[in-house]
Every structure is written in C-alpha cells, then in structure tokens.
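Structural overview for review
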Protein chains: 2
Amino acid sequence: MSAAEDLACCTSPPQPPRLESESAAELAARFKALGDPNRLMLLSLIAAGENGEACVCDLTEPLNLGQPTVSHHLKILMDAGFLTRQRRGTWSYYSLVPAALAGLCHQLCSDTDLLTESGAERTPRG
Amino acid sequence: MSAAEDLACCTSPPQPPRLESESAAELAARFKALGDPNRLMLLSLIAAGENGEACVCDLTEPLNLGQPTVSHHLKILMDAGFLTRQRRGTWSYYSLVPAALAGLCHQLCSDTDLLTESGAERTPRG
DNA sequence: ACGGCATATTGATGAATATCGATACACCTA
DNA sequence: TAGGTGTATCGATATTCATCAATATGCCGT
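First, a word on scope: everything that follows refers to the structure included in this document. Within any chain, residue numbers begin from 1 and follow the written order of that chain's sequence. Working convention: letters from A go to chains and numbers from 1 go to ligands, in the order in which they are written. Selection of residues for local features in this predicted model requires a pLDDT of at least 70, selection of side-chain atom pairs for listing and counting requires 80 or more, and totals for whole chains, interfaces and linings are taken over all residues. Excluding hydrogens and water, the side-chain figures rest on all heavy atoms present in the structure.

Another aspect to go through is the sheet that holds strand β3 (residues 91-96) of chain A. Residues and elements named next belong to chain A. DSSP calls a pair of strands paired once it identifies at least 2 bridges connecting them. Put simply, DSSP H or I for four residues or longer makes a helix, DSSP E for two residues or longer makes a strand, and each gets a number counted from the N terminus. Taken together, the 3 strands give an open sheet; going across it, the order is β1-β3-β2, and neighbouring strands pair in antiparallel fashion. Where the open sheet ends on each side, the last strands, each with one partner, are β1 (53-55) and β2 (83-88). Neighbour-to-neighbour, the strand axes of this sheet turn through a mean angle of 30°, independent of strand direction. The pairing of β1 with β3 spans 3 bridges and is antiparallel. The partner of Glu-53 across the bridge, within β3, is Ser-95. Throughout, a contact is declared for two residues whenever any of their heavy atoms are within 4.5 Å. For helices, the axis comes from a line fit to the C-alpha atoms of the stretch in contact; other axes are also lines fit to C-alpha atoms, and the angle between any two N-to-C directions lies between 0 and 180 degrees. Against the sheet, helix α3 (residues 37-48) engages β1, β2 and β3, with an angle of about 95° to β3. Sheet strands touched by helix α5 (residues 67-79): β2 and β3. Its angle to β2, the strand with the most contacts, is close to 120°.

Written as structure tokens, this is what we have:
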C-alpha cells in the first residue's frame, strides 16, 4: 500500500451538503443584493435618515449616481426583502425591513450550520 | 405654508452614512463572494466534509461543474477570506476560516449598525 | 528523467449587470 | 385642466462574471 492511498482525498463517502440547492439559490440572491458598495451605502444612508427612512432625492447626491440608477438599486434591495417603500405624495420613502438583515445572518448561522466549526466534530468517522 | 412643505423629504439636514465608502467596498466584496449558489454549496460541502475539509476532486461532481470552474470559485472564496488551502501531496485541501463568516455578520451588526433598528430612535429631531 | 495525476491558470464566449439618457407615470398646485 | 416635480421604467452600452476547453504547473511513483 502506497503512502498516497493513505492520503487520498476521495476515499471517504461523500457527505451531503447541509445546504439544499434551492436554499443556496435564495441565500445567494440575497447576498448578491448586498454585493454592491452603492447598495450598502443606500442601506446605511436610509438607516441613518430621519425616522429611519429616506426618499430617493436624499440618496442620489451622496452616491454621485443618477436618479434612475438609484431607483434601480432600491428596487433590487426591495426585491431582496431588505427595504420597504411607502409612498407619501409624490415622494417614495424607503426604510429597512428590521428583521431582514438579522434573519440573513441567522439563517447563515443556524440553517446551514456554516458558522459552527462542527465540520471537524460533526462527522466522526462511522 | 403648503402641506407639501411639511412632508417634503429634503428639508432635514442629510445624515452622514454610518458606512464609509471604503468599508462599503470591502463589505460588498465579501458579500459578492457569497452571492453565488455554487459558492455557497462549496462552503456547505467543505463544512460537511471529513475533518471539515475537502479537496477539489470531492467538489466537482456534486456541483456538476468542471474542475477549472470549481478552482475558480474556490479562489474567489479564498480571496474573500472564507477559505484556507492546505496542500498535501498533489491534493489541495480547503477548509473554512472559522471566524470569517461570523465576523462578516458581526461587522454588519456592529460596525454599520444596520441591524439595530436605531434609525427611528437614533436621530431624534434636534 | 519520464509518465501520470490533481490542481491552477489562461483565453474565449455568452450571460448578467451597473450605469446613463430619454421617456412615461403619478401627484400636487395654480 | 395644464404645468411642474419626484419617481419608475425603457433602451442602449460598457463592464463584469460564470463557464468551459486547452494548457501549464507541481507532485508522485517507476
């Protein structure tokens, strides 16, 4: 028996991933929404706004982006569940969905168990 | 005074975002690394692997991706700080960086204060 | 040294995306 | 009703990205 056989990486039965494909797609979609600096700035600006909300006209200047672009990013954040919109007159006020970001972290911790370093302990060789 | 003046969205002094542009770029880069279903599956597969590690040959089949593509995704996850690589013979073993994912969530909670619903309380009208 | 295997890198390609200008829509005021 | 303003949508474009085939690199056993 060669030394390589001892070290071979493909001898153990493959463990099924803890993350289902569908869950992966949903999770990835939300992370993708957070994967843009301007969108993170939007969340930050909105959180820092008066009453925790802001309208589009408050957001274009600090980001140095055109109004259509800001609207586009806001829509992406809304579709991902991070923002809600409330129309008042001609203005659209955006505010954070309180549990959205926390829920994302929680799901990453508990559902997928990716944060626990259980990998080493969890699968004691049967 | 018109009703609109009361409701106008741009009358209050703009609050500076709690997130600096540089931090936003760094944060976004890490989120972007998580914004792909296959990369999330890679993290899950590696976490579920024996001793919390896995080599490339264990990962190509469950994802139905070519070996170069898997290597590419692994590199992205490494560059983002989520994975480390340990070479043993001809094989490369990847494992999770324990604090990386937790740190990302923590930074989202504390550094940017996006998770606290402080927006409403934080800026009491001066 | 040579051949074989696991992995990394390169080049190319099609798809997704960020951005803008132009335009459409909704609401308010005169 | 008409004009003005804030916002959303549409079309176009340049960039980024995911993926693959081909190739290069590095390690092992003969």
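Here the narrative resumes, following the displayed structure.
Before going further, it helps to examine the pairing of β2 of chain A. Residue and element names in this part refer to chain A. Sheet analysis places β2 next to β3, joined by 6 bridges and oriented antiparallel. Across the sheet, the residue bridging to Leu-83 is Leu-96, located in β3. Counted between consecutive antiparallel strands, the loop separating β2 from β3 contains 2 residues, among which Gly-89 sits at a positive phi close to 65°.

A few words now on the packing of helix α3 (residues 37-48) of chain B against helix α5 (residues 67-79) of chain B. Residues and elements named next belong to chain B. Here α3 crosses α5 at 80°, and the two axes come no closer than 10 Å. Taken as axis vectors, α3 and α5 run roughly perpendicular relative to one another. Contact with α3, carried on its side by Asn-38, Arg-39, Leu-42, Leu-43 and Ile-46, involves Val-70, His-73, Leu-74, Ile-76 and Leu-77 of α5 and no other residues of that element. Residues that form the contact of α3 with α5 fall into these classes: 7 nonpolar, 2 polar and 1 charged. We call two directions roughly parallel when the angle between them is under 35 degrees, roughly antiparallel when it is over 145, roughly perpendicular when it lies between 65 and 115, and oblique otherwise. Here the term charged refers only to Asp, Glu, Lys and Arg, the term nonpolar to Ala, Val, Leu, Ile, Met, Phe, Trp, Tyr, Cys and Pro, and the term polar to all other amino acids, Gly among them.

The criterion for a residue being near a molecule or strand is simple. One of its heavy atoms has to lie within 4 Å of it. If you check the shell around DNA strand C, you find 27 residues, and the closest are His-73 of chain A together with Gln-67, Ser-71, Arg-85 and Tyr-94 of chain B. Among the atoms of DNA strand C close to the protein, meaning within 4 Å, 72% are from sugar or phosphate groups. The term polar contact refers here to a pair of N or O atoms within 3.5 Å; inside protein, the definition further demands a hydrogen-donor-capable atom paired with an acceptor-capable atom, and it admits residues adjacent in sequence only when both atoms are side-chain atoms. In this structure, Gly-66 of chain A approaches DNA strand C through a main-chain N or O atom, which is 3.0 Å from a phosphate oxygen. Thr-69 of chain A is positioned such that a nitrogen or oxygen atom in its side chain is 2.9 Å from a phosphate oxygen of DNA strand C.

Now for the pattern of salt bridges. Residue and element names in this part refer to chain A. Any Lys or Arg side-chain nitrogen located within 4 Å of an Asp or Glu carboxyl oxygen qualifies as a salt bridge. Under the definition given, this model contains 4 salt bridges over all chains. Among the ionic pairs, Arg-88 bridges to Glu-53, the shortest N-O distance being 2.6 Å. Here the residue Arg-88 occupies a position in strand β2, and Glu-53 occupies one in strand β1, the gap between them amounting to 35 residues. On the basis of relative accessible area, Arg-88 is assigned to the partly exposed category, the value being 25%. A salt bridge links Asp-79 to Lys-75; the shortest N-O distance between them is 3.4 Å. One end of the pair is Asp-79 and the other is Lys-75, both in helix α5 and 4 residues apart, which spans about a single turn. Exposure is judged per residue with a 1.4 Å probe applied to protein chains only, and the accessible area is read against the type maximum: over 50% gives exposed, under 20% gives buried, and values in between give partly exposed. Asp-79 gets classed as exposed once you look at its relative accessible area, which sits at 57%.

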